[in-house]
2 protein chains.
Amino acid sequence: MRQNAYNGCNNKNQVRNARMKQQKKRRVTLQQVAEHAGVSTSTASLIVRNNPRISEATREKVLQSMRELGYVYDRVAANLRSQTSTTVGLIITDISNTFFSEFLIGVQNTLEEVGLTVLLGTTFDSVAKQEQLISTMLEHRVGGLILCPVSGAAEETLSRLEQLDIPVVLAVREIADADCDFVGADYEEGTYKAVHHLIEKGHQEIAFLGGVKHSSTWTKRMKGLKKALREADLEVKNEFVIDSAPTREAGYEAVMELLRRPERPTAIFCFSDLVAFGVMQGIRKAGLIPGEDIDIVGFDNVPEAEISYPPLTTVSSFPRQSGKEAAQLLHDKIASSQHKKQRIILAPELVIRESSSKKRNA
Amino acid sequence: MRQNAYNGCNNKNQVRNARMKQQKKRRVTLQQVAEHAGVSTSTASLIVRNNPRISEATREKVLQSMRELGYVYDRVAANLRSQTSTTVGLIITDISNTFFSEFLIGVQNTLEEVGLTVLLGTTFDSVAKQEQLISTMLEHRVGGLILCPVSGAAEETLSRLEQLDIPVVLAVREIADADCDFVGADYEEGTYKAVHHLIEKGHQEIAFLGGVKHSSTWTKRMKGLKKALREADLEVKNEFVIDSAPTREAGYEAVMELLRRPERPTAIFCFSDLVAFGVMQGIRKAGLIPGEDIDIVGFDNVPEAEISYPPLTTVSSFPRQSGKEAAQLLHDKIASSQHKKQRIILAPELVIRESSSKKRNA
DNA sequence: CTGAAAGCGCTTACAG
DNA sequence: CTGAAAGCGCTTACAG
């Protein structure tokens, strides 16, 4: 409370207020540090940026002044002047899906290493929110963007970004007709493996539940499904295909609808693990046992798949690795504008657990 | 490609490069917009900030120029000049814990409504990383900070922030000896309810697994445990208390160690749902059945608790609501520096599921 | 190695 | 309602 020695004020509030005002207005500036240390601002600036041209003696002197004054570097001002950015936007559709948590960890770990900070936005699969988040991030001068597009995303979204010349990497889901860097798993191949596994077990009536129809992630899976069925001279039955939002709740609804239909499948391939969890819940609600009465396979291999009831057979799409690759790719793009478009497709792996591995008593 | 009309260059790369350079350097500025619309920069500035003083006609004219030129507002420059901030730092310990995903959703939804963007950082419970993230956020000029402290956090962390007069709200975990705004659940009461429930079921040998010893979240639970046991004339047995990191893996290890000891409890209260999932896995690994041989209770009521095997009895700590409250509180603090310290403690609720509700055959 | 001056894109008084 | 000028905290040439 030294600052208030000059007045005799005893009103605590006023004192406090005065102090706050003072501190709030006056962030210690590099110029003040320079003055305190007896050097020019340019010299101080070179020091905060670790320029080796400065003698060890001056550097130490200035660093000492910074400590004494409690200096905090203003990266925002620096970025503005030098026309650079130390932030990156990350837009995902649903953080409560642990697929995205894992993806986010991969992104963050990688960006942190190169000194970039993440501005996070969640769209909940709404086009409007996606566009709004992109605007916000642009206004905040992000140096690049990792975008997991909503299912209804159109090419216009990208051309807008391209016009501003801001580096973008798409992840998880592609955008129709868009030529853009992309990181994701091979959903077609993954689905093929999953369905092939079910067919080998003797299943002939296989349903496909969940996912937004005609989104790229859904279409790819549908291709894989068809391929596997065709090889076994089987066909996709329309009454066994029900699309939905990619959530647990929607999976529950979808399987309830399925079970109301005249025919019943012996196995279900689910769009994602999240959908599969809802499907298993629904099956049980209907008095059936997942993994015994109906086999279930998911997609993603989120951490919970291992501990679900029963443990879920699924296709690993390596979310953390995807995040890492996306961040790496974006960082490369930011560094060199020369970068040519890349597609990084991770090979999926089938992980067989109890939801599809018991002997069938057909 | 109009820009290149003056040269005869056919090298695609060079052309592309030239274009990028040009676009990269020249972000459209408010001044350019003003010129294009034939008004002064001040007028344009008032318009971007939705000042009603401007006539509808000029406003429309300027907005039209913005569209034509592809103007993007530079919030960073604006914030620098006006000494404000439109970002908030959020530091959590582990995003793969869906407790924090839910918390994050609560924070984001609330902040978004008031036009604030989240800078996200994850500490993985490392003190060093926490301090580093705080520095980064300060350098990025966040207007405030929501901090879920690491278990070893000390008061110094806060005094540093206080000195800079940056609004802070602690969430989930408190810091010893620190007087700071706080949002969290009543862990003591929650634990009391959980353990009381076990005792009512006839359990006398109750273990407490997981959580970092002496962290505030652990200590509060320990108090609740003791209170419930004391009421039933029972005591805490040291060999039934094993601390650990608050993760699934650590829960697994903890129960494995527990089962190696001479005595075995009939029920386990777990620090969190995540720990409980690991515990149930370990119990099963040891050939026992959770919910039959040993009853299990978790804490948090994360979404997976409902679909685990068996469904987990747990104490709901309302993560999404906590996030909402924390964001709201921070926003209030930012708005009025007059704010006095608050503690928002949510009342926990016991959610009984199969992991502790079957009849006991003791 | 150091200093004085200009400028990043915006907002802020202040005068009209 | 509009305009000219200064300034937020930094970096960038450029001259010494």
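Residues numbered from 1 in each chain as written. Chains lettered and ligands numbered in written order. Predicted model: local features only at pLDDT ≥ 70, side-chain atom pairs only at ≥ 80, totals over all residues. Heavy atoms only, no water.

Trainee: Please give an account of the overall build of chain A that cites residues and values.
Mentor: A tally of regular secondary structure across chain A gives 13 helices and 12 strands. Against the 2.2 N^0.38 benchmark of 21 Å for 362 residues, chain A shows a C-alpha radius of gyration of 28 Å, more extended than a compact globule. Overall, the C-alpha framework of chain A stretches about 90 × 55 × 35 Å when taken along its three principal axes. Excluding contacts between residues fewer than 6 apart, the proportion of contacts in chain A whose partners are at least 24 apart in sequence is 69%. Counting only carbon and sulfur atoms, one obtains 48% of the accessible surface of chain A, whose full area is about 16500 Å². When the 46 basic and 45 acidic side-chain charges of chain A are each reduced to a single mean position, those positions are 10 Å apart. (Helix = DSSP H or I, 4+ residues; strand = E, 2+ residues; numbered from the N terminus. Rg over C-alpha atoms; globule rule 2.2 N^0.38 Å. Contact = heavy atoms within 4.5 Å. Areas by Shrake-Rupley, 256 points an atom, 1.4 Å probe, with all protein chains shown as cover. Lys, Arg positive; Asp, Glu negative; His and termini not counted. Charge placed at Lys NZ, Arg CZ, Asp CG, Glu CD.)

Trainee: Which residues make up the sheet that holds strand S7 (residues 241-242) of chain A, and what values go with them?
Mentor: Residue and element names in this part refer to chain A. Overall, parallel pairing links the four strands, which are arranged S7-S6-S8-S9 in an open sheet. Each edge of the sheet is formed by a strand with only one pairing partner; in this case those strands are S7 and strand S9 (295-297). Inspection of the sheet shows strand S6 (residues 206-209) paired to S7 by two bridges, in the parallel sense. Among the inter-strand pairings, Phe208 is bridged to a residue of S7, identified as Val241. Helix H11 (residues 248-260) rests against S6, S7 and strand S8 (267-270) of the sheet, and its axis sits at about 145° to S6. (Pairing = 2+ DSSP bridges. Axes fitted to C-alpha atoms, helices over the stretch in contact; angles between N-to-C directions.)

Trainee: Explain the packing of aromatic side chains to me, and be specific about the residues and the numbers.
Mentor: For the coordinates displayed, the defined rule picks out 11 aromatic pairs over all chains. Here Tyr187(A) and Phe299(A) contribute two aromatic rings whose centre-to-centre distance is 6.0 Å and whose plane-to-plane angle is 50°, an arrangement assigned as tilted. One end of the pair, Tyr187(A), is in helix H9 (residues 187-200); the other, Phe299(A), is in the loop between S9 and strand S10 (314-316), with 112 residues separating them in the sequence. The burial state of Tyr187(A) is the same as that of Phe299(A); both residues are buried. The interplanar angle of 20° and the centroid separation of 5.8 Å between the aromatic rings of Phe208(A) and Trp218(A) together place this pair among those described as stacked. With Phe208(A) in strand S6 and Trp218(A) in helix H10 (residues 216-231), this residue pair connects regions lying 10 residues apart in the sequence. Each of the two residues, Phe208(A) as well as Trp218(A), counts as buried. The ring centre of Phe299(B) lies 4.3 Å from the NZ or CZ of Arg221(B), which sits over that ring. Seen from the ring of Tyr192(B), Lys227(B) lies directly overhead, with NZ or CZ sitting 4.4 Å from the centre. (Phe/Tyr/Trp six-rings, centres within 6.5 Å; stacked < 30°, edge-to-face > 60°. Buried < 20%, exposed > 50% of the residue type's maximum accessible area, 1.4 Å probe, protein only. Lys NZ or Arg CZ within 6 Å of the ring centre and 35° of its normal.)

Trainee: An account of the protein's contact with DNA strand D is needed here, citing residue identities and associated values.
Mentor: Close to DNA strand D lie 24 residues, the nearest being Leu30(A), Ser45(A), Ser40(B), Arg53(B) and Arg81(B). The sugar-phosphate backbone supplies 69% of the atoms of DNA strand D found within 4 Å of the protein. Between DNA strand D and Ser40(B) there is a distance of 2.5 Å, counted from a phosphate oxygen to a backbone nitrogen or oxygen. Interatomic distance of 2.3 Å between a backbone N/O atom of Arg53(B) and a phosphate oxygen of DNA strand D. No other element matches helix H5 (residues 75-82) of chain A, which puts four residues into the surface near DNA strand D. Of the residues that constitute the surface near DNA strand D, the class distribution is 10 nonpolar, nine polar and five charged. (Near = heavy atom within 4 Å. Polar contact = N/O pair within 3.5 Å; in protein donor to acceptor, adjacent residues only side chain to side chain. Nonpolar A, V, L, I, M, F, W, Y, C, P; charged D, E, K, R; others polar.)

Trainee: A description of the environment of Leu229(B) should follow, citing residues and the corresponding values.
Mentor: For Leu229(B), the location among the structural elements is in helix H10 (residues 216-231). Ignoring anything within four residues of it in the chain, the contact list for Leu229(B) reads Val195(B), Ile199(B), Ile206(B), Leu234(B), Glu235(B) and Val236(B).

Trainee: Could you give me a rundown of H10(B), with the residues and numbers involved?
Mentor: Residues and elements named next belong to chain B. Between the first and last C-alpha of H10 there are 23 Å, a value that for 16 residues agrees with the 22 Å anticipated at 1.5 Å per step. Along H10, the positions that sit buried rather than exposed are Thr217, Trp218, Arg221, Met222, Gly224, Leu225, Ala228 and Leu229. Buried residues along H10 cover an arc of 165° about the axis, so they all sit on one side. Those residues of H10 that are buried lie in contact with helix H9 (187-200), strand S6 (206-209), strand S7 (241-242) and strand S8 (267-270). (Expected span 1.5 Å × (residues − 1). Arc of directions from axis to C-beta.)

Trainee: Lay out the relation of the copies chain B and chain A in plain terms, naming residues and giving numbers.
Mentor: For the pair chain B and chain A, the best superposition has an RMSD of 0.1 Å and corresponds to a rotation of 180° with a translation of 0.0 Å parallel to the axis. Between the two chains, the operation in question is that of a two-fold axis. (Least-squares fit on C-alpha atoms with pLDDT ≥ 70 in both.)

Trainee: Which residues make up the sheet that holds strand S9 (residues 295-297) of chain B, and what values do they have?
Mentor: Residue and element names in this part refer to chain B. Taken in spatial order, the four strands of this open sheet run S7-S6-S8-S9, and their pairing is parallel. Each of the sheet's edge strands pairs with one partner strand only, and the pair in question is S7 and S9. Those strands touched by H10 are S6, S7 and S8, and its axis lies near 175° from that of S6.

Trainee: How would you summarise the nonpolar core if you had to cite specific residues and measurements?
Mentor: One recurring pattern in soluble globular proteins: nonpolar side chains tend to sit buried together. Counting residues in hydrophobic clusters, the biggest one holds 147 residues, and the most contacted among them are Ile268(A), Ile296(A), Ile268(B) and Ile296(B). Aside from chain neighbours lying at most four places away, what touches Ile296(B) is Ile268(B), Cys270(B), Ala276(B), Val279(B), Met280(B), Ile283(B), Pro290(B), Leu312(B), Thr313(B), Ser355(B) and Ser356(B). Core analysis: the second largest hydrophobic core is formed by 42 residues, Met137(A), Phe182(A), Ile134(B) and Ala153(B) among them. (Core = buried A, V, L, I, M, F, W, Y, C linked by side-chain atoms within 4.5 Å.)

Trainee: Give a detailed account of the protein's contact with DNA strand C, specifying residues and quantitative values.
Mentor: The immediate surroundings of DNA strand C are formed by 24 residues, with Arg53(A), Arg81(A), Leu30(B), Ser45(B) and Tyr71(B) found nearest. Restricting attention to atoms of DNA strand C within 4 Å of the protein, one finds that 69% of them are sugar or phosphate atoms. For DNA strand C, a phosphate oxygen lies 2.4 Å from a polar atom in the side chain of Ser45(B). The separation between a base oxygen of DNA strand C and a polar side-chain atom of Arg81(B) is 2.9 Å. At the level of elements, helix H3 (41-48) and H5 of chain A together with helix H3 (41-48) and helix H5 (75-82) of chain B are the ones that each hand at least two residues to the surface near DNA strand C. Sorting elements by how many residues they give to the surface near DNA strand C places H5(B) first, with four residues. Taken together, the residues of the surface near DNA strand C break down into 10 nonpolar, nine polar and five charged.

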